[in-house]
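Summary of the model geometry
Okay, here's what each chain looks like letter by letter:
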Amino acid sequence: QVQLVESGGGLVQAGGSLKLSCTVSGRPITDYTMAWFRQAPGKERDFVVRIGRAGRNRYHAMSVRGRFTISRDNAANSVYLQMSSLKPEDTAVYYCAATQLVWRDYRRLDAYEHWGQGTQVTVSS
């Protein structure tokens with residue numbers, strides 16, 4: 001059974017940085033394209049960023065481009081989200097997601113078979 005566990009969330013001031021981690025168990029992470037989504041209170045879950053199996057293909061949502069960076073360590077079975085220049089509007093529950101399939105559009109929620117439980121990120125102004 002595949003499990004994704006996020007960690008690293010917390011409270012940070014605007015302009016600060018935070019690094020989220022997601023560790024995969026049950027299968028090698030090299031089987032998966034990995035992504036981060038986020039869901040703010042009262043809003044839909046939105047795509048943030050994704051990374052291909054070998055770590056070369058990355059795509060960031062416009063709202064985080066230049067501030068957030070995704071990376072992966074296949075030996076550690078983990079993917080990371082380095083967040084910098086955080087803004088109050090980045091406040092959300094952040095979810096890690098994994099897919100074994102190949103999609104034209106990786107921004108869709110239904111592209112992913114596996115999800116973590118989420119980790120809260122709160123940015124104070």
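For clarity, every value in this text was computed on a predicted model and none was experimentally measured. (Residues numbered from 1 in each chain as written. Predicted model: local features only at pLDDT ≥ 70, side-chain atom pairs only at ≥ 80, totals over all residues. Heavy atoms only, no water.)

What follows is about the overall build of the chain. Across its full length, the chain holds zero helices and eleven strands. Scanning the chain from its N terminus toward the C terminus, one meets helices and strands in the order β-β-β-β-β-β-β-β-β-β-β. C-alpha atoms of the chain, sized along the principal axes, occupy 40 × 30 × 25 Å. Buried residues in the chain amount to 45% of all 125 residues. For the chain, restricting intrachain contacts to residue pairs at least 6 apart in sequence, the fraction spanning at least 24 positions comes to 57%. Counting only carbon and sulfur atoms, one obtains 47% of the accessible surface of the chain, whose full area is about 6500 Å². Looking at the chain, you have 16 positive and 10 negative side-chain charges, and the mean spots of the two groups are 6 Å apart. (Helix = DSSP H or I, 4+ residues; strand = E, 2+ residues; numbered from the N terminus. Buried < 20%, exposed > 50% of the residue type's maximum accessible area, 1.4 Å probe, protein only. Contact = heavy atoms within 4.5 Å. Areas by Shrake-Rupley, 256 points an atom, 1.4 Å probe, with all protein chains shown as cover. Lys, Arg positive; Asp, Glu negative; His and termini not counted. Charge placed at Lys NZ, Arg CZ, Asp CG, Glu CD.)

One pass over the full model with this rule turns up five salt bridges. Between Asp 31 and Arg 27 there is a salt bridge whose closest N-O contact spans 2.7 Å. With its nearest N and O atoms 2.9 Å apart, the salt bridge here joins Arg 107 to Asp 105. Through salt bridges that share partners, Arg 38, Arg 67 and Asp 90 make up one connected network. (Salt bridge = Lys/Arg side-chain N within 4 Å of Asp/Glu carboxyl O.)

Counting residues in hydrophobic clusters, the biggest one holds 35 residues, and the most contacted among them are Met 34, Trp 36, Val 79, Met 83 and Tyr 94. The set of elements that each furnish at least two residues to this core consists of strand S3 (18–25), strand S4 (33–39), strand S5 (45–51), strand S7 (68–73), strand S8 (78–83), strand S9 (92–99) and strand S11 (119–124). The biggest single contributor to this core is S9, with five residues. (Core = buried A, V, L, I, M, F, W, Y, C linked by side-chain atoms within 4.5 Å.)

Moving on, we get to the side chain of Asp 90. Inspection of the secondary structure assignment puts Asp 90 in the loop between S8 and S9. Within the structure, Asp 90 has its side chain in polar contact with the backbone nitrogen of Lys 87 (distance 2.8 Å). (Polar contact = N/O pair within 3.5 Å; in protein donor to acceptor, adjacent residues only side chain to side chain.)

As a further point, take the environment of Gln 100. Take Gln 100: it is sitting in the loop between S9 and strand S10 (114–115). For Gln 100, a relative accessible area of 33% corresponds to the partly exposed category. Separated by 81 residues in sequence, Gln 100 and Lys 19 place their C-alpha atoms 25 Å apart. In this view, Gln 100 contacts Arg 27, Asp 31, Tyr 32, Arg 53 and Glu 113; residues no more than four positions away in its chain are not counted.

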